[in-house]
Amino acid sequence: MKLLYSCVLLLCFNFILAQDKTHSSYVDVNYFRGNIALHNTEILHLIQGHPEGTIISWNKKTYGFEDWEQRFNYPDYGVSFAYQNLKNDVLGNNYGLYAHYNFYFLKRNLMFRIGQGLAYNTHPFNRENNVKNVAFGTKFMSSTYVMLNFKKEHIFDRIGLQTGLSLIHYSNANVKSPNNGTNSITFNVGLNYNLDDNNIEYQHTLDKKANQQFSEPIKYNLVFRSGINESDYIGSGQFAMYVASAYADKRINKTSALHIGADVFFSNFLKELIYYESVAFPEKGVSGDEDYKRVGIFAGHELFISKTSLISQYGYYLYYPFEFEGRTYIRIGLKRYFSEKWFGALTLKSHGARAEGVEFGIGVRL
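Source: prediction; values computed, not measured.

Rules used in this analysis
Residues numbered from 1 in each chain as written. Predicted model: local features only at pLDDT ≥ 70, side-chain atom pairs only at ≥ 80, totals over all residues. Heavy atoms only, no water. Helix = DSSP H or I, 4+ residues; strand = E, 2+ residues; numbered from the N terminus. Buried < 20%, exposed > 50% of the residue type's maximum accessible area, 1.4 Å probe, protein only. Contact = heavy atoms within 4.5 Å. Polar contact = N/O pair within 3.5 Å; in protein donor to acceptor, adjacent residues only side chain to side chain. 1 Å grid on protein atoms, 1.4 Å probe; cavity = no way out; pocket = protein on both sides within 12 Å on 5 of 7 lines; lining within 4 Å. Points joined across faces, edges and corners; volume = space filled by probe spheres on them. Nonpolar A, V, L, I, M, F, W, Y, C, P; charged D, E, K, R; others polar. Salt bridge = Lys/Arg side-chain N within 4 Å of Asp/Glu carboxyl O. Expected span 1.5 Å × (residues − 1). Patch = residues over 30% accessible without salt bridge, like charges linked within 9 Å, V, L, I, M, F, W, Y side chains within 5 Å. Areas by Shrake-Rupley, 256 points an atom, 1.4 Å probe, with all protein chains shown as cover. Pairing = 2+ DSSP bridges. Axes fitted to C-alpha atoms, helices over the stretch in contact; angles between N-to-C directions. Phe/Tyr/Trp six-rings, centres within 6.5 Å; stacked < 30°, edge-to-face > 60°. Lys NZ or Arg CZ within 6 Å of the ring centre and 35° of its normal. Core = buried A, V, L, I, M, F, W, Y, C linked by side-chain atoms within 4.5 Å.

**Student:** What should I look at first to understand the environment of Lys-349 in this one?
**Tutor:** Looking at the secondary structure, you find Lys-349 in strand β15 (residues 342-351). Residue Lys-349 is classed as buried on the basis of its relative accessible area of 2%. Between the C-alpha atoms of Lys-349 and Asp-207, which are 142 residues apart in sequence, the distance is 37 Å. Residues contacting Lys-349, with those up to four places away along its chain left out, are Phe-265, Arg-294, Tyr-317, Tyr-329, Ile-330, Arg-331, Ala-355, Glu-356, Gly-357 and Glu-359. A polar side-chain atom of Lys-349 sits 2.7 Å from a polar atom in the side chain of Tyr-317.

**Student:** I tried to follow the layout of surface pockets on my own but got confused; where do I start?
**Tutor:** One water molecule sets the probe size; rolling that probe over the atoms shows where empty space is left. Empty space within the second largest pocket amounts to approximately 590 Å³. Lining the second largest pocket are 21 residues, and of these Arg-251, Phe-304, Ser-306, Lys-307 and Tyr-337 sit closest to its centre. Of all the secondary-structure elements, those providing two or more residues to the lining of the second largest pocket are α2 (67-71) and β12 (293-305). Grouping the amino acids of the lining of the second largest pocket by side-chain chemistry returns 7 nonpolar, 3 polar and 11 charged.

**Student:** Looking at this structure, I do not really get the pattern of salt bridges. What am I missing?
**Tutor:** Once the charged atoms of two side chains with opposite charge are near each other, the side chains can pair. Within this structure, the stated rule accounts for 17 salt bridges. Its salt-bridge partner being Arg-331, residue Glu-359 comes within 2.9 Å of it at the nearest N-O pair. Taken together, the residues Glu-359 in strand β16 (residues 354-365) and Arg-331 in strand β14 (residues 328-337) connect sequence positions 28 residues apart. Residue class for Glu-359 comes out buried when judged on its relative accessible area of 1%. Residue classification places Arg-331 among the buried residues on the basis of a relative accessible area of 0%.

**Student:** Mind showing me how you'd approach helix α4 (residues 268-280) here?
**Tutor:** What sets the pattern is the α-helix's 3.6 residues per turn: residues three or four places apart point alike. Relative to the 18 Å expected for 13 residues at 1.5 Å per residue, α4 spans 19 Å between its end C-alpha atoms, a close match to the ideal helical length. For α4, the set of buried residues is Asn-268, Phe-269, Leu-270, Leu-273, Ile-274, Glu-277 and Ser-278. Taken together, the buried residues of α4 touch β9 (219-229), β10 (239-251), β11 (256-267), β12 and β16.

**Student:** Hey, could you run me through a nonpolar patch on the surface in this one?
**Tutor:** Residues Ile-155, Phe-156, Ile-159, Leu-161, Leu-191, Tyr-193 and Leu-195 make up a contiguous nonpolar surface patch of roughly 600 Å² in combined accessible area. Of all elements in the fold, only β6 (140-156), β7 (159-171) and β8 (182-194) reach the threshold of two or more residues within the nonpolar patch. Here Tyr-193 is to be found in strand β8.

**Student:** Even after reading the chapter, I still don't get the sheet that holds β16, so can you show me in this structure?
**Tutor:** In a beta sheet, neighbouring strands pair by backbone hydrogen bonds and run either parallel or antiparallel. Strand order in the closed barrel formed by 8 strands is β9-β10-β11-β12-β13-β14-β15-β16, with antiparallel pairing between adjacent strands. With strand direction ignored, the average angle separating the axes of adjacent strands in the sheet is 25 degrees. Examined bridge by bridge, β11 and β12 share 11 bridges and lie antiparallel to one another. The residue of β12 that forms the bridge with Ala-257 is Glu-302.

**Student:** Even after reading the chapter, I still don't get the pairing of β9, so can you show me in this structure?
**Tutor:** If a strand is regular, its side chains alternate between the two faces of the sheet. Relative to β10, β9 is paired through 11 bridges, and the arrangement is antiparallel. Bridge assignment links Gly-227 to a residue of β10, and that residue is Met-241. As paired elements, β9 and β16 share 6 bridges and run antiparallel to each other. Among the inter-strand pairings, Val-223 is bridged to a residue of β16, identified as Gly-363.

**Student:** Looking at this structure, how should I read the packing of aromatic side chains?
**Tutor:** What characterises a pair of aromatic rings is the spacing of the ring centres plus the angle enclosed by the ring planes. Per the stated rule, a full pass over the model turns up 24 aromatic pairs. Ring centres of Phe-265 and Tyr-329 lie 5.3 Å apart, and the angle between their planes is 85 degrees; this geometry places the pair in the edge-to-face category. You can see Phe-265 sitting in strand β11 and its partner Tyr-329 sitting in strand β14, a full 64 residues away along the chain. The same class applies to Phe-265 and to Tyr-329, which are both buried. In this structure, Arg-331 packs its charged tip against the face of Phe-298, placed 6.0 Å from the ring centre. The side chain of Lys-335 reaches across the aromatic face of Phe-343, ending 4.0 Å from its centre.

**Student:** I keep staring at unusual backbone geometry and nothing clicks. Help me out?
**Tutor:** Apart from glycine, the bulk of residues carry a negative phi angle, and the bulk of peptide bonds sit in the trans form. The omega torsion of the bond from Ser-177 to Pro-178 falls at 0 degrees, within 30 degrees of zero and hence cis. Of note, Pro-178 is situated in the loop between β7 and β8. Positive phi values are uncommon outside glycine, yet Ser-306 reaches one of about 55 degrees. Residue placement: Ser-306 occurs in the loop between β12 and β13 (308-319).

**Student:** Got a minute to help me understand the sheet that holds strand β5 (residues 110-121) in this structure?
**Tutor:** As summarised here, the arrangement of the 8 strands in space is β1-β2-β3-β4-β5-β6-β7-β8, forming a closed barrel in which the pairing is antiparallel. Direction aside, the axes of adjacent strands within the sheet are offset by 25 degrees on average. Here 11 bridges tie β5 to β6, and the two strands are oriented antiparallel to one another. Bridge assignment links Leu-110 to a residue of β6, and that residue is Phe-150.

**Student:** How should I be thinking about the nonpolar core in this particular structure?
**Tutor:** Across soluble globular proteins, you tend to see nonpolar side chains buried next to one another. If you look at the biggest cluster of nonpolar residues, it comprises 22 residues, and the most contacted ones within it are Leu-46, Ile-55, Leu-91, Phe-136, Ile-168 and Tyr-170. Counting residues per element, the ones that place at least two in this core are β1 (24-36), β4 (93-105), β5, β6 and β7. Setting aside its immediate chain neighbours within four residues, Ile-55 contacts Asp-28, Val-29, Asn-30, Phe-32, Ser-80, Phe-81, Ala-82, Tyr-145, Met-147 and Ile-168. With 12 residues, the next largest nonpolar core counts Val-243, Phe-265, Phe-304 and Tyr-317 among its residues.

See the structure below:
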């Protein structure tokens, strides 16, 4: 944990050094307390108390010197560190490090934050000494948190207040079983402190009409994705997965594009699952000869924020020889453009609320 604390301090220090006349920064500290939602009956025995913890964040304000800042009403971005006591020795405690964005509404009195990062659990599932922890199968997990706060700055000089609701999600995305995860719904209250006293004016140079009228010809994308995952049977083994995707996108304005395309899935964990169920559960009628490959079509949306974009896609399997979690699937995640053509992607594929795996991708937009 000393290493984790050092990483947080180093990131914050580097951000502070990077200050210039087009940005300012502030920190906020929030205490939260709430409940673990019963999204799965398998974790019922783990819900014993009211989880509580602290979220400490460093935030960089934007003032519209880049066009994307004006399009999204001058958001903040930064890093967060979270500690959560889950009030159960079986679950242990969680520590998380996140990158986040803050978006503002209602004359900047309402703040919506979304953060994505990596979390560390102190007491994950172990066959010998912690078999009851069916929520967390690994020490390191992905984590997402969202925060909706009423916020006021400069109530006492540089000090302000904020309060509202937060949702904190932990899951290893089926990298290893078990993976029931937790969702904590909490109330938070905190303080914010402005680190700079400079008065930077918001820029209003964006031509909103030109932004809405912007369009591009249809572009074609090729993406290769990969990762590892495991079936829900504990100890069935981790296997590589490969996904080949091709889709067309149509940019309808500066912030949005629509997708339509197809995926081919080579999910090797299904090979083992098909064999295991054919031997262990003959009543399921699995012969063992079923094909593990699947082919799907999808439609989606891409939201552009600077060089980063948020993608969401909804798919349906056309080729579906083995029953696994239903014929529809969802993909959500982030893309980062390295140039006009090349991009990287980090996405989560799921069937409803049940994750199948995290996909690391590289692609080209032609």
